[in-house]
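# A structural walkthrough
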Amino acid sequence: MKPHRKKRLYMILVILLGVTLSASLAIYALGQNMNLYFTPSQAIVNKAPTDKTLRIGGLVKEGSVKRDSNSLKVNFTLTDHSYEIPVQYTGILPALFREGQGIVAQGKLNVAGVLIADQVLAKHDEKYMPPNISAVREGSE
Amino acid sequence: MMTTSFSNLQSFLAMGGYGSYVWSAYGIVVLVGVWQVLRQMVRVNKMKKLNVWNGGKVK
Amino acid sequence: MWKRLHQFASPKFFYHFSGHLIPWLWGAFAIFLIYGLISGLLFAPPDYQQGDAYRIIYVHVPAASLSLMVFSVMGTMSIIYLIWRIKLADVVATASASIGAWFTFLALVTGAIWGKPMWGTWWIWDARLTSELILLFLYLGVIALRNAMKTPDTAARAVSVLTLVGLVDLPIIHYSVDWWNTLHQKATILKLAKPDIAPSMLYPLLAMMVAFFLYYCALMLMRVRIELLEREKRADWVKNILYPSTNGIGASKD
């Protein structure tokens, strides 16, 4: 490679290195703020504040869903298998909402540690398969 | 072996109740895709009309 | 070798070469598209969780992966241009920018249309969606910077450097779902492990990804040809073709 081209190549490498370095530092500084939600463990162990809106993400605990018969009120529990947070929500639930599903609930914790949610979003996993295959897999487990 | 997921046209269009979402997603992709190609063809035709280049060849 | 490469990169040769290539690209595109659409929309089974709504994957994932791929092509072209000053590389980058921007736009829009019924929201500021939105702004920035510069050479240099800087967003988008918790799910196909998708659903998706890639190649070459002709009106490379001794780069024996 001719010398002036080699110089340009080094310039490019310096730019790429500099940008990568500053981006990594920025991401490192942002740290936890880049996360969309806290797990129940994070919220409970770090004593999440009661006056701020926050998001809790976890699985809907099996058997925990209790729907109010004459309103859209629903109670359920989010778990990460070590800690649990009860959630109360009034509104329409996403189609994927069900027991065992990953859910992100947004709201404020009350003094009793219940998340009064104003938004409930469903997370789906990265697996795609036909219904019959999944039934077979679940049955074999 | 090769059976379709839908028994008739209506159920195909309905997409299990998600028809409006599925078809609007496909619709916008088709719209943008076709429009982009057409735009390039218009650009070529304009250049031909302006006669900046002779008959479509650089030679 | 170098001579051959420079000949290939000469505007005149590339103009004719791409003219022959484009019809084949469109033909292959049509085959993959038709197979992908029919098998994806008609024959692929519904998803165990998402029912038929998951079929948006066949446009969303190709658009999203092309939005990343086109930018990486632009990055490669920028490096080639900055080091060797091969103008064709800059023309390819120019032609790619708005196509990439549209792929990004489509990825975001189809993602929103998918998100509403499945997640329960059109939009959320999680790391994946936000970094993809930043990619759209990078594309728009590249296009705007190109239009703002008067002389093509300074524009090419400035745009190349901005593209290099923007490259850092690509790994962030890809790994965002692993580095942070997001509403968007993790990678299904582009990972080291086996794809987590049934073959009957995977093959249409791969076909659609190939179709989108061929579409990009064909449309990009169409734009490159027009761009070459437009630049010819005012730039020096026509003179270089006619009088090959003046400048080593961009010249061909004719």
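Right, let's walk through the structure included here.

Procedures and definitions
Residues numbered from 1 in each chain as written. Chains lettered and ligands numbered in written order. Predicted model: local features only at pLDDT ≥ 70, side-chain atom pairs only at ≥ 80, totals over all residues. Heavy atoms only, no water. Helix = DSSP H or I, 4+ residues; strand = E, 2+ residues; numbered from the N terminus. Buried < 20%, exposed > 50% of the residue type's maximum accessible area, 1.4 Å probe, protein only. Contact = heavy atoms within 4.5 Å. Areas by Shrake-Rupley, 256 points an atom, 1.4 Å probe, with all protein chains shown as cover. Core = buried A, V, L, I, M, F, W, Y, C linked by side-chain atoms within 4.5 Å. Phe/Tyr/Trp six-rings, centres within 6.5 Å; stacked < 30°, edge-to-face > 60°. Buried area = accessible area lost by both parts, 1.4 Å probe. Salt bridge = Lys/Arg side-chain N within 4 Å of Asp/Glu carboxyl O. Polar contact = N/O pair within 3.5 Å; in protein donor to acceptor, adjacent residues only side chain to side chain. Nonpolar A, V, L, I, M, F, W, Y, C, P; charged D, E, K, R; others polar. Axes fitted to C-alpha atoms, helices over the stretch in contact; angles between N-to-C directions. Parallel < 35°, antiparallel > 145°, perpendicular 65-115°, else oblique. 1 Å grid on protein atoms, 1.4 Å probe; cavity = no way out; pocket = protein on both sides within 12 Å on 5 of 7 lines; lining within 4 Å. Points joined across faces, edges and corners; volume = space filled by probe spheres on them. Pairing = 2+ DSSP bridges.

Right, let's get into the overall build of chain C. A count of helical and extended segments in chain C gives nine helices and zero strands. In chain C, which comprises 254 residues, the share counted as buried stands at 57%. The contacts in chain C between residues at least 6 apart in sequence include a share of 74% that link residues at least 24 apart. Counting every atom, chain C has about 10,600 Å² of accessible surface; 71% of that belongs to carbon and sulfur.

To continue, consider the environment of arginine 146 of chain C. All names here are of chain C. Within the fold, arginine 146 resides in helix 5 (residues 127–148). Put simply, arginine 146 and alanine 97 are 49 residues apart on the chain and 10.0 Å apart in space, counted from C-alpha to C-alpha. Here arginine 146 is in contact with Asp90, Ala93, Thr94, Ala155, Ala156, Val159 and Arg231, once residues within four sequence places are set aside.

Moving on, we come to the nonpolar core. One finds Phe76, Leu115 and Val120 of chain A together with Tyr58 and Val224 of chain C to be the most contacted residues of the largest nonpolar core, which totals 118 residues. Among the elements that take part in this core, helix 8 (residues 199–234) of chain C stands out by supplying 20 residues, more than any other. Leave out the neighbours within four places in its chain, and tyrosine 58 of chain C touches Tyr26 of chain B together with Gly40, Ala44, Met201, Pro204, Leu205 and Met208 of chain C.

What follows covers the packing of aromatic side chains. Under the counting rule described, the total for this entry stands at 23 aromatic pairs over all chains. Taking the centre distance of 6.1 Å and the plane angle of 55° together, the rings of tryptophan 23 of chain B and tyrosine 26 of chain B count as tilted. Of this pair, tryptophan 23 of chain B and tyrosine 26 of chain B are both found in helix 2 (residues 19–50), three residues apart, which corresponds to roughly one turn of the helix. Owing to a relative accessible area of 27%, tryptophan 23 of chain B belongs among the partly exposed residues under this scheme. Exposure remark for tyrosine 26 of chain B: the relative accessible area of 7% places this residue in the buried category. Judged by centre distance (5.3 Å) and plane angle (85°), the ring pair of tryptophan 102 of chain C and phenylalanine 105 of chain C falls under edge-to-face.

Next up on the list: unusual backbone geometry. A positive phi angle, close to 50°, is found at methionine 15 of chain B, a residue other than glycine. For methionine 15 of chain B, a relative accessible area of 0% corresponds to the buried category. You will see that arginine 85 of chain C, though not glycine, has its phi angle at about 55°, which is positive. Note that arginine 85 of chain C resides in the loop between helix 3 (57–84) and helix 4 (87–118).

This part is about the interface of chain B and chain C. Contacts between the two partners involve 33 residues from chain B, matched on the other side by 40 residues from chain C. At the boundary of chain B with chain C, total buried surface from both sides reaches about 3,300 Å², with 75% on carbon and sulfur atoms. Our count for the contact surface shared by chain B and chain C stands at zero salt bridges. At the junction of chain B with chain C, the criterion picks out five residue pairs in polar contact (both at pLDDT 80 or more). At 19 residues, helix 2 of chain B tops the list of elements feeding residues into the side of chain B that touches chain C.

Further remarks concern the interface of chain A and chain C. For an interface, size is often stated in terms of accessible area lost upon the parts coming together. Across the boundary between the two partners, chain A contributes 37 residues, which contact 45 residues of chain C. Contact between chain A and chain C buries roughly 3,700 Å² in total, counting both sides, with carbon and sulfur atoms accounting for 63%. The largest share of the area that chain A buries against chain C comes from His124, Glu126 and Tyr128 of chain A, three residues that together contribute 21% of it. For the pair chain A and chain C, the interface holds zero salt bridges. In this structure, the connection of chain A to chain C is made through 15 residue pairs in polar contact (both at pLDDT 80 or more). Of all the elements in the fold, those that place two or more residues in the side of chain A that touches chain C are helix 1 (3–30), strand 6 (115–123) and helix 3 (131–140) of chain A. Residue contributions to the side of chain A that touches chain C peak at 10 residues, all from helix 1 of chain A. Taken together, the residues that form the side of chain A that touches chain C break down as 22 nonpolar, seven polar and eight charged.

Before going further, it helps to spend a moment on the packing of helix 5 of chain C against helix 6 (residues 152–166) of chain C. All names here are of chain C. Remark: helix 5 packs on helix 6, axes separated minimally by 9 Å, with the N-to-C direction vectors making an angle of 170°. In this view, helix 5 runs roughly antiparallel relative to helix 6, as classed from their interaxial angle. Along its contact with helix 5, which presents Leu138, Gly141, Val142, Leu145 and Arg146, the element helix 6 presents Ala155, Ala156, Ala158, Val159, Leu162, Thr163 and Gly166. For the contact of helix 5 with helix 6, a count of residues per class yields eight nonpolar, three polar and one charged.

Residues and elements named next belong to chain C. Each pocket or cavity is described by its volume, and for the largest pocket that value is around 790 Å³. Forming the walls of the largest pocket are 33 residues, and the residues nearest its centre are His60, Val61, Ala64, Arg128 and His184. Secondary structure elements with two or more residues in the lining of the largest pocket: helix 3, helix 4, helix 5, helix 7 (169–179) and helix 8. Residue composition of the lining of the largest pocket, by class: 21 nonpolar, nine polar and three charged.

So, on to the pairing of strand 4 (residues 84–90) of chain A. All names here are of chain A. Residues Ile85, Val87 and Tyr89 point to one face of strand 4 and are all buried, whereas Glu84, Pro86, Gln88 and Thr90, pointing to the other face, are not buried. Following strand 3 (residues 73–79), the chain reverses through four residues before pairing antiparallel with strand 4; histidine 81 in that reversal takes a positive phi of roughly 75°. Strand direction decides the pairing type here: strand 4 and strand 6, joined by three bridges, are parallel. Paired with tyrosine 89 across the strands is alanine 117, a residue of strand 6.

Keep in mind that these numbers describe shape and distance, not what the molecule does.
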